[in-house]
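# Overview (structure and organization)
Here are the chains, one letter per residue:
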Amino acid sequence: MKIKTLKLFEYLNLVSSDNLLTIKDLKLVIFMFKTIDVHRKNALNDLQFYSFMKCTTNLSSKQIITVFKKLDINKSGFIEIEEFYLIVCILISTKDHKEKDFVSKHAKTVFDLLDEDCSGTISAKELNKIGYLFNFGSRVIKKIFDEFDITGDEVLFELHFN
Ligand SMILES: [Ca+2]
Ligand SMILES: [Ca+2]
């Protein structure tokens, strides 16, 4: 995933200790969210989210739809501010080339995002499906499996992300 050069993003940087935004940055994220949330529902529908992702990333339509479904953690059919905050942190970590830091600092969150069928394990198929969000290309994915897949059954366990 590539992040488009936007003035807005230049102002946002993750605090290196925990890879999250500062309070000041958080205000900017809330402002962004409210600007997109034109219907004042405190939630973004698929179309609003789609437009945001199209403006900020190079993801394909199909990929954005997958991200929407995965990001909708509480399965409300909408992206609320907490979910939006998560994607903005991911976008910024990508912009700053700190995806790996982000993944290791927020292993549990990332794990839940990747574990589509909530099986408690991540298969190669699942990693392929949304790994692009963290720029896990097929080479990186293979490396992760070579490194961690001790049993050779192409299943990653949660332990492996910690
Ligand atoms: Ca939601
Ligand atoms: Ca799974």
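As the structure is a computational prediction, the values presented were derived from the model and not from experiment. (Residues numbered from 1 in each chain as written. Chains lettered and ligands numbered in written order. Predicted model: local features only at pLDDT ≥ 70, side-chain atom pairs only at ≥ 80, totals over all residues. Heavy atoms only, no water.)

As a further point, take the overall build of the protein. The number of helices and strands found in the protein is 9 helices and 2 strands. The buried share of the protein, reckoned over its 162 residues, is 44%. In the protein, 56% of the contacts between residues at least 6 apart in sequence involve partners at least 24 apart. Of the accessible surface of the protein, which amounts to about 9,200 Å², a share of 59% is contributed by carbon and sulfur atoms. (Helix = DSSP H or I, 4+ residues; strand = E, 2+ residues; numbered from the N terminus. Buried < 20%, exposed > 50% of the residue type's maximum accessible area, 1.4 Å probe, protein only. Contact = heavy atoms within 4.5 Å. Areas by Shrake-Rupley, 256 points an atom, 1.4 Å probe, with all protein chains shown as cover.)

To continue, consider the coordination of the calcium ion (ligand 1). Of the protein atoms, only D72 (OD), N74 (OD1), S76 (OG), F78 (O), E80 (OE), E83 (OE) and E83 (OE) coordinate the calcium ion (ligand 1), at distances of 2.2 to 2.6 Å. Considered as a linear motif, the donors of the calcium ion (ligand 1) on their single chain read D-x1-N-x1-S-x1-F-x1-E-x2-E. Note on E80: relative accessible area 17%, which makes it buried. (Donors = N, O, S within 2.8 Å, 3.2 Å for Na, K, Ca; no water.)

The tally for this structure, following the rule as stated, stands at 1 cavity of 30 Å³ or more. Together, T66, K70, L113, L114, E116, E126, K129 and I130 line the largest cavity. Those elements giving two or more residues to the lining of the largest cavity turn out to be α4 (61-71), α7 (107-114) and α8 (124-130). The greatest single-element share of the lining of the largest cavity, amounting to 3 residues, is contributed by α8. When grouped by side-chain class, the residues that make up the lining of the largest cavity number 3 nonpolar, 1 polar and 4 charged. (1 Å grid on protein atoms, 1.4 Å probe; cavity = no way out; pocket = protein on both sides within 12 Å on 5 of 7 lines; lining within 4 Å. Points joined across faces, edges and corners; volume = space filled by probe spheres on them. Nonpolar A, V, L, I, M, F, W, Y, C, P; charged D, E, K, R; others polar.)

This brings us to unusual backbone geometry. Phi is positive for N42, close to 55°, though the residue is something other than glycine. According to the relative accessible area criterion, N42 is exposed, its value standing at 56%. Backbone geometry at H97 places phi at a positive 55°, although glycine is not the residue there. Turning to its location among the elements, H97 is positioned in the loop between α5 (81-95) and α6 (99-105).

A few words now on helix α2 (residues 23-36). The end-to-end C-alpha separation of α2 is 20 Å, in line with the 20 Å expected for 14 residues at 1.5 Å each. Listed as buried for α2 are D25, V29, M32, F33 and I36. Taken down its axis, α2 places every buried residue within 100° of arc, on the same side. Exposed and facing more than 90 degrees away from the buried side of α2 are I23, K24, K27 and F31. Considering only its buried residues, α2 is in contact with α1 (7-10), α3 (46-56) and α5. (Expected span 1.5 Å × (residues − 1). Arc of directions from axis to C-beta.)

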